[in-house]
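# Descriptive structure summary
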Amino acid sequence: METFLFYAQAALVVVFAVMTVAAHNPVRSAVYLISALLGIAGLFLLMEAEFVAAVQVLVYVGGIMVLFLFVIMLVSVRETVRQAFLNRQWKTALVVGIVLAAQLLFLLVTGGRIFEVQADPSLIAQAPTMNTESVGTVLYTTYLLPFEIASVLLLVAIVGAVVLAKKNI
Amino acid sequence: MIGPTHYLVLSSLVFTIGLIGFLMRRNVIIMMMSIELMLNSVNINLIAFSDQLQKVGGQVFAVFVITVAAAEAAVGLGIVISLFRNKETVNADEIDLMKW
């Protein structure tokens, strides 16, 4: 069952990712990207990371992609559809991308067993806790300083976005 | 049985698709969407190893990556809007003010 779910979700994610990149209309591209992100959230659920899956749906699909759609609607869609959709360097880019994919897949096929690391048995033996609970505990103890820095980063991003999008500064 | 190698193969495919999209398309907004795809492929890796090692640090790191992606999208789209206001284009080939 897990195997079937993984392959179904993975095929969905890859197909929607390709369609995101290949769609002429930016609105369609954004909708395909939303589907791909939802598929990735499903994969997170499959890996028992419920909290990150919920954050993925809330922040990415509910926040970032709505922002993208707003901006696509603000800049004229019709003009961008009529333009040529590949840039001048697309042949080089395609070759570089395919070579990179071949290298990564070769590495993973020949040396993939290195990544089959085993978990510490004592960690598995522990009584299972709720995923959100354990993420929250680690986030507010071990990673407290990075958490605070991330909040400052978000504040800077808010101010920066307002300043950039304002008409007369 | 699905191990981390399956997830690594998937994430490298998604990363490469995002990279090709970023390099090939001329619409700045779609280039930014390709960046989101690449960031998500990294998240798949982090969660896969977090699940394999039964340690929750990878999931915390994925949350941080999502935070950075949100900040990046907000600032980037602000740049796109002010660019469109000044130059009437979202075409990456026409944005060449700093070219000499």
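This text follows the structure it describes.
A brief report on the enclosed structure follows. Keep in mind that what you see is a predicted model, and the values were worked out from it rather than measured.

Reading guide: rules and limits
- Residues numbered from 1 in each chain as written.
- Chains lettered and ligands numbered in written order.
- Predicted model: local features only at pLDDT ≥ 70, side-chain atom pairs only at ≥ 80, totals over all residues.
- Heavy atoms only, no water.
- Helix = DSSP H or I, 4+ residues; strand = E, 2+ residues; numbered from the N terminus.
- Buried < 20%, exposed > 50% of the residue type's maximum accessible area, 1.4 Å probe, protein only.
- Contact = heavy atoms within 4.5 Å.
- Areas by Shrake-Rupley, 256 points an atom, 1.4 Å probe, with all protein chains shown as cover.
- Patch = residues over 30% accessible without salt bridge, like charges linked within 9 Å, V, L, I, M, F, W, Y side chains within 5 Å.
- Salt bridge = Lys/Arg side-chain N within 4 Å of Asp/Glu carboxyl O.
- Buried area = accessible area lost by both parts, 1.4 Å probe.
- Polar contact = N/O pair within 3.5 Å; in protein donor to acceptor, adjacent residues only side chain to side chain.

## Quick word on the overall build of chain A
- Along its length, chain A carries eight helices and zero strands.
- Scanning chain A from its N terminus toward the C terminus, one meets helices and strands in the order α-α-α-α-α-α-α-α.
- Within chain A, the fraction of its 169 residues that count as buried is 31%.
- Looking at chain A alone, contacts between residues at least 24 apart form 59% of all its contacts between residues at least 6 apart.
- Counting only carbon and sulfur atoms, one obtains 72% of the accessible surface of chain A, whose full area is about 10,400 Å².

## As for a nonpolar patch on the surface
Residues and elements named next belong to chain A.
- A contiguous nonpolar patch, built from L155, I158, V159, V162 and V163 and spanning about 450 Å² of accessible area, is present on the exposed surface.
- Note on placement: I158 falls in helix α8 (residues 144–165).
- Relative accessible area serves as the criterion here: at 53%, I158 is assigned to the exposed category.

## Here's the deal with the side chain of B:T67
- Along the chain, B:T67 falls in helix α3 (residues 57–87).
- B:T67 sits in the buried class, given a relative accessible area of 14%.
- Among residues more than four places away in sequence, those in contact with B:T67 are A:A150 and A:L154.

## A short note on the interface of chain A and chain B
- Between chain A and chain B, the contact holds 85 residues from the first and 74 residues from the second.
- Taken as a group, A:V21, A:M47 and A:F68 account for 10% of the area that chain A buries against chain B, more than any other trio of residues on that side.
- Between the two partners, chain A and chain B, sit zero salt bridges.
- Put simply, chain A and chain B have 10 residue pairs in polar contact (both at pLDDT 80 or more) between them.
- Counting only elements with at least two residues in the side of chain A that touches chain B, the list comes to α1 (2–22), α2 (26–46), α3 (50–74), α4 (77–82), α5 (90–111), α6 (121–125), α7 (131–141) and α8 of chain A.
- For the side of chain A that touches chain B, the leading source of residues is α3(A), giving 13 residues.

On their own, these measurements won't tell you what the molecule is for.
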